[in-house]
Amino acid sequence: MTMKYRLYAPGPTPVPEEALTEMAKPILHHRTPAFEAVIEEVRDLLKWLYKTKEEVLLFSSSGSGAMEASLINCMSKGDKALVVDGGKFGERWWKIAKAYGLDYEVIKVEWGQAVDPSIIEAKLKEDDYRVVCVQASETSTGVSHPIKEIADIVKKHDQTLLLVDGITAVGVMDLPVDDWGIDVLVAGSQKAFSLPPGLAFASVSQKAWAFVEKSDIPKFYFNFVKERDSILKNTTAWTPAVSLIMGLRVVLRRMKEEGHEAMYERHHKMGLAVREAAKACGLELFAPEAPSSAITAIWGPDRENGGAIVKYLRDKLNMTIAGGQEHAKGKIFRIGHLGYYDAMDMITVWSAIEMALTDVGYDFERGKGVAKAIEILG
Ligand SMILES: *Cc1c(COP(=O)(O)O)cnc(C)c1O
């Protein structure tokens, strides 16, 4: 018998049944009052989630599409980007800038560490930057960068915008866009939204709109002004991923029902339980100092058997967790705990990790991690 599939990746993540059945319904045409009513509701719910009065733009793309869109809509020829690169996704910001021939400077952060905001402060004093780009949660390392502190710094520069990749942070941790002054906050459907891949989101501040309106970077599909003009009329510029938007309404209603605080507390506790379970088994965390509540990266035994853990779960248990990327490949394993997860999911995944640890011959007291997870979550 094929075993039940269990997905614990930092995206895509499991989708609740209510959203799956909603998305299986016959397709609505997107230029109809019925679909406009869906967009209207989704618009309000996105503003609620983002804690913003501004519009949150919708894109039918993966998260990277909205990252690209924010750079090419906020910048103009001759502008410079300041990019925090502390992992695979930080790297993506400057790779996009590079592809468009835009000028950029990189603040290299050691994998597993959070950026020191005073470095950003110093850079902004030295030179003119149109945008500062950073991840709220760097998924490749499990680090959470200090967004509030960075926002407080960028706020003092009226010619500089803060672009935050919140793809594994929106719905996981509090990022009050208007309060903190985040100019663009990007998210993607296949992470904490608990939808299939294919939708991306970006809020745009009043401060950012001034630069967006005069942006002269060539663009066609990813056009903020066109999307704003459309969403104000409860529609999208192009044919949207209709079924995903139907699902989006369901998951956003679920998020609202849970509420901001409970949602962040649930993620915080799941992250804490996984980290403490790892420590109880004598394992080392990859990002011990500034952990993200979305994902936990853990060194494999002897800092090398991370790949064997991932493989055991895949081959023996039909479970997916993530391995390491680039130089962390084969050395670490990463457990996603963002979106449609609860206490029992964490206890299950940790049980599987303990089975894998035994299989690779790691010497530890079996059950200790699970007991710790139960203590925190129970
Ligand atoms: C998943 C992820 C992305 C990339 O999103 P795609 O949907 O694969 O384009 C970007 N940034 C972070 C932090 C992510 O976790």
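Quick caveat, the model's predicted, so the values are computed rather than measured.

Caption draft 1: Representation of helix 8 (residues 206-213) in the model. The set of residues buried in helix 8 consists of Ala208, Trp209, Phe211 and Val212. Down the axis of helix 8, the sector holding all buried residues measures 165 degrees, keeping them to one side. The elements touched by buried residues of helix 8 are strand 2 (56-59), helix 3 (63-74), strand 8 (161-165), strand 10 (200-204) and helix 9 (224-231).

Caption draft 2: Up close: the sheet that holds strand 13 (residues 322-323). As summarised here, the arrangement of the three strands in space is 11-14-13, forming an open sheet in which the pairing is antiparallel. In this open sheet, the two strands that pair with only one neighbour each are strand 11 (295-299) and strand 13. Here helix 11 (residues 260-280) sits on the sheet and contacts strand 11 and strand 14 (332-336); the angle it forms with strand 11, its principal contact strand, is near 10 degrees.

Caption draft 3: Here's a closer look at the packing of helix 12 (residues 306-317) against helix 13 (residues 343-359). Where helix 12 meets helix 13, the axes come as close as 9 Å, and the angle between the chain directions of the two elements is 110 degrees. Between helix 12 and helix 13, the angle falls in the class roughly perpendicular. For the pair helix 12 and helix 13, contact is made by Ile309, Tyr312, Leu313 and Leu317 and by Ala352, Ile353, Met355, Ala356, Leu357 and Asp359, respectively. Tallied by class, residues from the contact of helix 12 with helix 13 come to nine nonpolar, no polar and one charged.

Caption draft 4: Just the pairing of strand 5 (residues 131-135), in detail. Along strand 5, five of the five residues are buried, which leaves the element largely enclosed by surrounding structure. On strand 5, burial covers both faces: Val131, Cys133 and Gln135 on one face and Val132 and Val134 on the other are all buried. Bridge count for strand 5 against strand 8 is five bridges, and the pairing is parallel. When the sheet's bridge partners are listed, Val132 is paired in strand 8 with Leu162.

Caption draft 5: Layout of helix 3. Here helix 3 is twelve residues long and its end C-alpha atoms lie 17 Å apart, about the 16 Å a rise of 1.5 Å per residue gives. Among the twelve residues that make up helix 3, ten are buried, leaving the element largely enclosed by the rest of the structure. Buried residues of helix 3: Gly63, Gly65, Ala66, Met67, Ala69, Ser70, Leu71, Ile72, Asn73 and Cys74, and no others.

Caption draft 6: Unusual backbone geometry, seen in detail. Cis geometry marks the peptide bond from Gly11 to Pro12; its omega dihedral reads -5 degrees. Positioned with a positive phi, Ser194 is a non-glycine residue whose angle comes to about 55 degrees. In this fold, Ser194 is placed in the loop between strand 9 (184-188) and strand 10. Even without being glycine, Arg303 reaches a positive phi, approximately 55 degrees.

Caption draft 7: Representation of the sheet that holds strand 2 within the structure. One open sheet accounts for seven strands, arranged 2-10-9-8-5-3-4; its pairing is mixed. The open sheet has two edge strands, strand 2 and strand 4 (103-108), and neither has a second partner. Taking each pair of neighbouring strands and ignoring which way they run, the sheet shows an average axis angle of 20 degrees. The pairing of strand 8 with strand 9 spans three bridges and is classified as parallel. Within strand 9, the residue paired with Asp165 across the bridge is Val186.

Caption draft 8: Representation of the nonpolar core. Among the nonpolar cores identified, the biggest contains 96 residues, and Ile120, Phe201, Phe224 and Leu248 are the most heavily contacted of them. What Ile120 contacts, discounting residues up to four positions off in sequence, is Leu82, Val84, Ile107, Val115, Val132, Ile150 and Ile153. Counting 34 residues, the second-largest nonpolar core is a separate cluster that includes Tyr8, Leu313, Ile321 and Phe364.

Caption draft 9: How the structure looks around the site of the ligand. Near the ligand you find 13 residues, and of these Ser62, Ser64, Thr139, Asp165 and Lys191 are the closest. One of the side-chain N or O atoms of Ser64 is found 2.5 Å from an oxygen atom in the ligand. A distance of 2.7 Å separates an oxygen atom of the ligand from a polar atom in the side chain of Lys191. Taken by itself the ligand offers 380 Å² of open surface, and the protein chains cover 89% of this. Among the elements of the structure, helix 3 and helix 4 (88-99) are those that each provide at least two residues to the shell around the ligand. Looking at which element gives the most residues to the shell around the ligand, the answer is helix 3, with three residues. Looking at the shell around the ligand, its residues break down into three nonpolar, seven polar and three charged.

Definitions and cut-offs
Residues numbered from 1 in each chain as written. Predicted model: local features only at pLDDT ≥ 70, side-chain atom pairs only at ≥ 80, totals over all residues. Heavy atoms only, no water. Buried < 20%, exposed > 50% of the residue type's maximum accessible area, 1.4 Å probe, protein only. Helix = DSSP H or I, 4+ residues; strand = E, 2+ residues; numbered from the N terminus. Arc of directions from axis to C-beta. Contact = heavy atoms within 4.5 Å. Pairing = 2+ DSSP bridges. Axes fitted to C-alpha atoms, helices over the stretch in contact; angles between N-to-C directions. Parallel < 35°, antiparallel > 145°, perpendicular 65-115°, else oblique. Nonpolar A, V, L, I, M, F, W, Y, C, P; charged D, E, K, R; others polar. Expected span 1.5 Å × (residues − 1). Core = buried A, V, L, I, M, F, W, Y, C linked by side-chain atoms within 4.5 Å. Near = heavy atom within 4 Å. Polar contact = N/O pair within 3.5 Å; in protein donor to acceptor, adjacent residues only side chain to side chain. Areas by Shrake-Rupley, 256 points an atom, 1.4 Å probe, with all protein chains shown as cover.

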